[in-house]
Amino acid sequence: MRVPVVVMRGGTSKGVFLNFENMPDNRLLWDDFLLDIMGSPDRRQIDGLGGANSLTSKVAIIKKSDLNDVDIEYTFAQISIANNLVDFKGNCGNISSAVGPYAIEQGLVQAIEPITTVRIFNTNTKKMIIAEVEVENGRVKTEGMCSIPGVPGTGSPIYLSFPNAEGAVTGKLFPTGNPIDVIQLPEGPISISIIDVANPLVFVNASDVGLTGSELPHEFTREKLLELEAIRSMAAEMCHFAAKEDATMKSPAVPKMTIIAPPMDYIDVTGIERKASDMDCRIRMMSMQEPHQALAISGAICTTAGAFLEDTILSESINVKQEVVRLGHPGGIMETKVNLIAGHISVIKVVRTARTILEGYVYTKKSYKIAEVSSQALA
């Protein structure tokens, strides 16, 4: 079976973009369909489009919307590499940055020069994302001088705004009702903060889990990753996503394990020395039980929101002095900007780049009955 696809890089992730019209009409077949396309389960994903890395095993399903004040409905899917699992629980901020360009290039949104604003409804989180995309001569502009850590070269800036992102998955800013929870580990109790803004994250202090906070992805041992996954699994149970014994299989993508530490000089993955004076904290995230090579956008949004909260473990590591928050991650330093109204965050904005890599067809191993055009939302 031949299915039209577009492969796009969005920020520091890469994914397969599918038009909703080309999805199976039976929603129960979506998992099998996406696993088929990506070549999972297989650690190499040799028989599909997946890149054998959680950052490249992602899918965006796009639909022109009939909803008021919405241009595009977008569903994100994290495809497990080694397991027979597709996770729809959360969103990917990096992949979100490619949704606007895709919609414009595919004719789902009219190109307006010099900036086309695309209003995106993410069905996973039931939240809006506003994308500002540069357009030139009726096409998405990809060349520019904007650079982001973790991506070689430069491109045209895409500004993403995340208004009212609290409670994206759980419906609560603090899913447990507490800014800080104490959990019991074999080594003793530690404090964690679970915060849900754009995506739910579970934050731990690096020193509490035997880390410095400056580790690069290749420096995490398998034993340490298992320890971190045990903490994440407890947090998943506290969020009512799955029992802690089943969390790795049933809720591998959320909450996302996030390690924070105060500013300190460190060497990033490219060999560049990052200075403590250029950051507000150090952050290391996990993605599908592996170290993230950079920083998830949803993670940056959640951390930024958390930086303005009191009585969480973030309060101990982040001392925000301005509306720009600087996050030191393995690939460099990411900046986010907040708009404050009466001391409260109204919008968090981040800049990304994105581009189309391939447009063509993928051949599935099985046949699926494709959906007819529907006026209903993806949710």
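A few points on the structure.

**Some points on unusual backbone geometry**
Phase 1: In this model, E113 is joined to P114 through a cis peptide bond whose omega is 0 degrees.
Phase 2: Within the secondary structure layout, P114 lies in the loop between α2 (93-105) and β6 (115-122).
Phase 3: Residue P255 is bonded to the preceding V254 through a cis peptide linkage, with omega at -5 degrees.
Phase 4: Tracing the backbone shows P255 in the loop between α4 (247-250) and β13 (256-261).
Phase 5: In the Ramachandran plot, D69 falls in the positive-phi region, its phi being about 60 degrees despite a non-glycine side chain.
Phase 6: Phi at K126 is positive, roughly 60 degrees, even though this residue is not glycine.
Phase 7: Checked against the element boundaries, K126 lands in the loop between β6 and β7 (127-136).
Phase 8: Here K126 falls in the partly exposed class, since its relative accessible area comes to 49%.

**Observations concerning the pairing of strand β10 (residues 181-185)**
Phase 1: Going residue by residue along β10, you find D181, I183 and L185 tucked away on one face and V182 and Q184 left uncovered on the opposite face.
Phase 2: Bridge analysis of β10 against strand β11 (residues 188-197) gives five bridges, and the strand direction is antiparallel. Its bridge partner lying in β11, Q184 is registered against P189.
Phase 3: The loop that links β10 with its antiparallel partner β11 comprises two residues.

**Concerning the pattern of salt bridges**
Phase 1: This model, assessed by the stated rule, comprises 15 salt bridges.
Phase 2: With a closest N to O distance of 3.1 Å, K224 and E227 form a salt bridge. One end of the pair, K224, and the other, E227, are both in helix α3 (residues 222-238), three residues apart, so they sit about a helical turn from each other.
Phase 3: What makes K224 buried here is its relative accessible area of 14%.
Phase 4: Here R326 and D280 are joined by a salt bridge, their closest N and O atoms 3.2 Å apart. Remark: D280 occurs in the loop between β15 (273-274) and β16 (281-287) and R326 occurs in strand β18 (residues 324-329); sequence separation between them is 46 residues.

**What about helix α5 (residues 297-307)?**
The α-helix advances 3.6 residues per turn, and as a result positions three or four apart in sequence lie on the same side.
Phase 1: In terms of burial, α5 is a largely internal element, 11 of the 11 residues being buried.
Phase 2: When α5 is considered as a whole, its buried residues turn out to be I297, S298, G299, A300, I301, C302, T303, T304, A305, G306 and A307.

**Quick look at the packing of aromatic side chains**
Phase 1: Summed over all chains, the structure comprises four aromatic pairs.
Phase 2: Centre to centre, the rings of W30 and F88 are 6.5 Å apart; their planes meet at 50 degrees, and the pair counts as tilted. One end of the pair, W30, is in helix α1 (residues 30-38); the other, F88, is in the loop between β5 (86-87) and α2, with 58 residues separating them in the sequence. Accessibility classification places W30 together with F88 in one group, the buried group.
Phase 3: Between F33 and Y368, the aromatic rings sit 5.1 Å apart at their centres with planes inclined by 80 degrees, giving edge-to-face as the arrangement. Of this pair, F33 sits in helix α1 while Y368 sits in the segment after β21 (354-363), and the two are 335 residues apart along the sequence. In this pair, the class of F33 matches that of Y368, namely buried.
Phase 4: Put simply, the rings of F20, W30 and F88 pair up and form one aromatic cluster.
Phase 5: The ring of Y361 carries R2 above its face, with NZ or CZ at 3.8 Å from the centroid.

**Describing the environment of V269**
Phase 1: Looking at the secondary structure, you find V269 in the loop between β14 (266-267) and β15.
Phase 2: V269 sits 33 residues away from C302 along the chain, and the two C-alpha atoms are 23 Å apart.
Phase 3: Every residue in contact with V269, bar those within four places of it in the chain, is listed here: L216, P217, P330 and G331.

Rules behind the numbers
Residues numbered from 1 in each chain as written. Predicted model: local features only at pLDDT ≥ 70, side-chain atom pairs only at ≥ 80, totals over all residues. Heavy atoms only, no water. Helix = DSSP H or I, 4+ residues; strand = E, 2+ residues; numbered from the N terminus. Buried < 20%, exposed > 50% of the residue type's maximum accessible area, 1.4 Å probe, protein only. Pairing = 2+ DSSP bridges. Salt bridge = Lys/Arg side-chain N within 4 Å of Asp/Glu carboxyl O. Phe/Tyr/Trp six-rings, centres within 6.5 Å; stacked < 30°, edge-to-face > 60°. Lys NZ or Arg CZ within 6 Å of the ring centre and 35° of its normal. Contact = heavy atoms within 4.5 Å.

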